[in-house]
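Summary of structural features
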Amino acid sequence: MTVTAKTPPRSETQSPATAEELAEIVARAAAAETALYPVGGGTGLNFGLPARRSGLSLSTTQLNRVVDYPARDMTITVEAGRSMQSLRELLATQGQRLPVDAPQADTATIGGVIATATSGPRRFGHGSIRDFVIGISAVDGRGVAFKAGGRVVKNVAGYDFCKLLTGSRGALAVITQVTLKLRPVAESTAWVVCDIASYEKAETVLAELVRSAIVPTAIELVAGPAWERDNLLGPASGCCAARLLVGVEGAAVEVAWMTRQLQREWREQGIADSQVIDASGAAELWSRLCEFPVESASGLTVKATVRPSAVTRFVAAARAIDERALIQSHAGNGIVYVRYPEFTANEALPVLVRGLQPAAVAAGGHAVVYQCPADLELTHQAVWGPAAPASAIMASVKKQFDPAGILNPGLSLFAC
Amino acid sequence: MLTQPGAADDPTVSPPEGTPRSQAHTAAPSPGTEIDYGLFLDCVHCGLCTSACPTYLELGNENDSPRGRIYLMRAVTDGRLGLTQEVRRHLELCLDCRACETACPSGVQYGKLIEPFRVAMEEQSAGPRKSADWFHRYILFGLFTKPDLMRRMLIPARISQRLGLVKLAEATGLLSLLPARLRRLIEMLPPPERPGPALPTLLPAIGKRRARVALFTGCVADVMFRPTHWATARVLQQNGCDVLVPQEQVCCGAIHFHAGSSEPARELADTNLKAFDHRNVDAILVNVAGCGAMLKDYGHHWHDPHQAERAAFADKVKDVSEFLDSLGLVAPEGEIPLTATYHDACHLGHAQKVREAPRRLLAQIPGLKLVDLPETEVCCGAAGTYNLTEPEMSARLSRRKLDNILKTGSRVVLTGNAGCLLQIMREARSRGERLLVAHPMDLLDLSYQRKQPRL
Amino acid sequence: MIATRLPALVDRLRAVVGDDGVLSAHSDLVVYECDGFVIEKNCPDVAVFPRTAAQVQAIVRLCNEFDVPFLPRGAGTSLAGGCLPVGGGVMIVLTRMKEILEINLRDRYAVVQPGVVNVWLTQALKGTGYHYAPDPSSQGACTIGGNVATNSGGPHTLKYGVTVNHVLGVEAVLPDGTLVEFGGLSEDQPGLDLPGLIVGSEGTLAIVTKVWVRLTRDPQGWRTMLGIFESVADATNAISAIIGAGIVPAALEMMDQGILVAVEEAFRFGFPLDAQAILLIEVDGLEAGLDQQRDRIIELCRANNARDVRLAASAAERQLLWKCRKQAFGAVGRLSPSYCTQDGVVPRTKLPYILERIIDIGRRHEIRIVNVFHAGDGNIHPILLFDERDADQVRRVLAASGEILDECIACGGSVTGEHGIGVEKIEFMHKLFSAADLDVMARVRHSFNPAGRLSPAKMLPTAGACGLEQRHPGRRAAM
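Residues numbered from 1 in each chain as written. Chains lettered and ligands numbered in written order. Predicted model: local features only at pLDDT ≥ 70, side-chain atom pairs only at ≥ 80, totals over all residues. Heavy atoms only, no water.

**Looking at the packing of aromatic side chains**
In total, this model carries 15 aromatic pairs over all chains according to the counting rule given. The interplanar angle of 55 degrees and the centroid separation of 6.1 Å between the aromatic rings of Tyr298(B) and Trp302(B) together place this pair among those described as tilted. The class of Tyr298(B) is buried, set by a relative accessible area of 0%. Relative accessible area serves as the criterion here: at 3%, Trp302(B) is assigned to the buried category. Taking the centre distance of 6.4 Å and the plane angle of 85 degrees together, the rings of Phe182(C) and Phe448(C) count as edge-to-face. Of this pair, Phe182(C) sits in strand β9 (residues 179-183) while Phe448(C) sits in helix α16 (residues 435-448), and the two are 266 residues apart along the sequence. No difference in accessibility class separates Phe182(C) from Phe448(C), as the two residues are buried. (Phe/Tyr/Trp six-rings, centres within 6.5 Å; stacked < 30°, edge-to-face > 60°. Buried < 20%, exposed > 50% of the residue type's maximum accessible area, 1.4 Å probe, protein only. Helix = DSSP H or I, 4+ residues; strand = E, 2+ residues; numbered from the N terminus.)

**Details of the domain arrangement of chain C**
All names here are of chain C. In terms of domain boundaries, chain C breaks down into domain 1 (2-93), domain 2 (100-217), domain 3 (221-324) and domain 4 (336-479). Between domain 2 and domain 3, the C-alpha centre-to-centre distance is 31 Å. Listed per partner, the contact involves five residues of domain 2 and ten residues of domain 3. Around 610 Å² of area is buried between domain 2 and domain 3 when both sides are counted, 56% of it from carbon and sulfur atoms. It is His156, Leu158 and Lys159 that lose the most area in domain 2 upon contact with domain 3, and together they represent 73% of the buried surface on that side. At the junction of domain 2 and domain 3, the tally comes to one salt bridge. The salt bridge partner of Lys159 is Asp284, with a shortest N-O separation of 2.6 Å. (Domains from an automatic or database assignment. Contact = heavy atoms within 4.5 Å. Buried area = accessible area lost by both parts, 1.4 Å probe. Salt bridge = Lys/Arg side-chain N within 4 Å of Asp/Glu carboxyl O.)

**Things to note about the sheet that holds strand β2 (residues 211-216) of chain B**
Residue and element names in this part refer to chain B. What the five strands build is an open sheet, ordered β1-β3-β2-β4-β5; its pairing is mixed. Edge strands, defined here as strands with exactly one partner in the open sheet, are β1 (202-203) and β5 (317-319). Direction of pairing for β2 relative to strand β3 (residues 241-244): parallel, over a ladder of four bridges. Directly across from Ala211, in β3, lies its bridge partner Cys241. Along the sheet, helix α15 (residues 289-296) contacts β2, β4 (283-286) and β5; its crossing angle with β5, the most-contacted strand, is approximately 155 degrees. (Pairing = 2+ DSSP bridges. Axes fitted to C-alpha atoms, helices over the stretch in contact; angles between N-to-C directions.)

**A closer look at the interface of chain A and chain C**
If you look at the interface, chain A gives 74 residues, while chain C gives 83 residues. In this assembly, chain A packs against chain C so that about 6,400 Å² is buried in total across both faces, 57% of it on carbon and sulfur atoms. The three residues of chain A that bury the most area against chain C are Lys154(A), Val156(A) and Tyr159(A), which together make up 15% of that side's buried surface. Linking chain A with chain C are ten salt bridges. Measuring nitrogen to oxygen at the nearest pair gives 3.0 Å for the salt bridge that ties Arg142(A) to Asp439(C). Across the contact surface, chain A and chain C share 31 residue pairs in polar contact (both at pLDDT 80 or more). Looking at side-chain class alone, the side of chain A that touches chain C contains 37 nonpolar, 17 polar and 20 charged residues. (Polar contact = N/O pair within 3.5 Å; in protein donor to acceptor, adjacent residues only side chain to side chain. Nonpolar A, V, L, I, M, F, W, Y, C, P; charged D, E, K, R; others polar.)

The following block contains the structure:
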């Protein structure tokens, strides 16, 4: 398990082998009011405020069994500690996949991906992990095991805790088992890439993409020094504000048609030079774009979510703060990752609170700290942005799941 | 739990489905007593009809939806509910446009529920009967159904229109002193235009004779829409039809029937049966959807020894667009470079299920661009005499219709019913919108004549 | 005693929404005693028609002040009694909140009020190249607020997902009268996924007053096929083969012989009456890939003993095929005076098994059952035919329905794929979920709705929910 500097202050790690054991540990901790930090692969611990209260680390990595894989139903039921990589390999044997990107797939667990609502470039075409969880089992902060949903793809019985627990960051319950909806593996994939001279032009091209005849799986806008001299993309042309990468997947005939069509559409919009990256290059690009948000534990990575039409404006604002900022945006979804190479706490606060967060709010969204060094002291507002009006009801939901307040105390927006 | 003061019985203890009808609260038998109870059972209460209903669209009140009205009628019939003033109002507000029948997946025959129920409701009514008030007696029944009388009555109205007196009266508010329904009737009048001579008994086919048809000219329509009758006849001639216009024909009886007067309607029907020699024509053609729907229903409105004969007559009745579409239109050649939109008259679309035929005919006019009308299937509020009897709801619906027409950007509206034409014209006039409102036959006729419409 | 306060409540409500926004006469309230589920009935004491979120807030506050239950209602097309005012009280009818507030194609979203009818949004989007994907069969009447409450599906959910997959955010009035926004036009908002919780909560957590929905690109083309099979097993094997081949059809519907005969009698589509099952299969997407998928599907159907596979050659033929599917229920009305549609789900591979069980259950109870399935999702809609005037048949239909749903649970499925729990299936919640599961759900409900005045006795079999004893099966049309 990779444990970074921000791993919670824990006296020990417990690794239960069954959900029942896990429930007992939680019940004991609840009785003793000991803080519990559920950990899967430990790849998402840099998100949010660091934990201050000491307690136990609760690892799910031993809960890694495949409970049921009826491939012809295109669903799978697995325990939460299964790694994304091994899940991917298993599904591939049946020509299937979970089309959700997760960085560090060899260590990241499915439970962790769900708890953190991790996503990547494919969410434009496929949706995010919340769209694939159809059944969930978990243990709440009282040590009570419960489930919701089921093993069928369509089911409206009871509250949809599959959604509620997705992205709840372990603050409501510890996920022990999930049932997922699956998709067929795509026969073929490729990227079509171009350099765009200005942010204004970038917005024009992105807006045209909304009306394009093609059906992109990913719409990525990248900017910053490292992207400009990327070996896979080749050196950027002279005056390039950003590079636009459109990923397509499907049958070989579809991919071939879409790459040709997009190049044709771009030429009509005055983009003469675009390149197609396919075969192994395409696979590598998918993986690089998937890993980008967590590539560096140093510096400061901010995740902003804004109106898709405001992405380029936000990117411009982020780079105006520091030219060296590296940007990756799932531009179709309005998600922007900004990575600054270095920051001291004194510099970070005004950049966040007076710079990026107001810019995100003006763009119809919000900005949160996605990763930062452990020694960077940040306030709640700096990490989460202005208080969410719904946080009161969130806190009240939290209280019902975790009355003693032992699950991931202080890590969430709504439960300090 | 709150309880409703004055609620006679506990509403939670409703009789289970299928319980035989008990006695109604009121002494009189329920207006639904004569209705085949199976027709109520056809409704499975799914609610798919609700948003097809114009009054529900406007009010959002389940009581003013088809499902709600069926529920009310059944509750009254079952004796669960008295025929209260509220219930009567909800049933009276129904336009009888039959949009609900189009929407219903279970084939509920709503018309066969609401029409007899309202007739019985009228007959039993303790207060003054709807058909007995001055407006119904003198204007609707007396005037509307007697074309000659109406023509004469309209002369002073026409003169005052020509002299601008209506405008003057409108401007000075004099018009508002008239009773509301009469005022609306005056406002409904189309712009003054010479009606032209009456149609002759026979208009012969032009070119090779393809069919022999009789044209129904009706009562109100013959007065107000004689130019459209001429246009229709000319289009039929162009398409190789001998057009007979029986002179003894009378009103179709729809106004009477829908206002709850079944007997006068039967007399009119039988007069028409005598006037039209249906065995010797290929079709009896109607260009007014409201009349067409009524004529097509002659076969099952009355159960008496003449029923079979009326059914045979009804089998020959076709809307003119329906007939021309199946005959195969002789393509008109005169270009009309306009953008137009088509409004589905309820009595054509819902009652007769004629929707594509007029569109296919219009598509053959060179240069004419037909654009979709949002909510084309929603009633314009004319609904026979509804615009006169329920002016407030009627006004809301005509406002809605014109708003939708304006959204299309088109300045030409085509529709196959006299009531809709008048209603839309009046609405456009009152809002100062310049709009050409015409019958599809008017436009086809112009194209054959290589003329342009006057906008 | 409490009755004496009703006139005061009505006066206060009138002050909020105006005289024409309140119904309080008994004869005006009778139609609100049930929705598409007609087994249980109860009149509200008042029905009120707000036009704004602020009015909804004011109404909710009055309900709290007068300590009366309240619940929202849209078009009232629920097939599970979702709009049944258990305990009476105030029904908040949202049909006058019916504006499409915004359509933004660049950012691919629309903002609508809850009373907007599902199909209005699609009509408003006509010609833009975008649509709103969830298309329940009742889409011509049901409201988007109601879709949010029940997480509605439709024939196209196999590929495009259900309502929750298309809702970005909601504005809602909480049971204490507070107005909040959950989610919104930007994705991944920090904190809990409360839109995900609200969708499908059947009006037990909050009253939704505004919805942000995602718009979906129209497909470039379609291929619609009709596979005719000699046996149900062949048809279901073909379904598995198609999905196993990596094809995700936009829709995959199955009809058995019983319903086929009804459809044929009613509409004369020219189906062979001795066929045991037909599959309606539609793929959509890029023209470039459609012929390949079509050929593969035809091949797979043939490999699974399809007698014939017909292809819709034109848009008109496609419409005709869909008409036969969508009007199937109307046709059933011609087979018997009454019928009851069930809504169960099984894993797709269990379709042949559940169908065998349904046939057996029908035989044992001497009830004729015909079947229409959203086969691609494993969502079954067995239709039980009976005569409601025969008390013994009624009893047998209830017993057979219960057994079918029990079988669905035994197969690892669910008792509702799209209609919801409402009041109809409350007793099945104990069979689907453990006491602990239900307790956690009740706790979540409590965190939103501590006084329990909003939609009491719905969805969760908690204190206050009367054990509904079904006297009579539902007679239902659409699904």
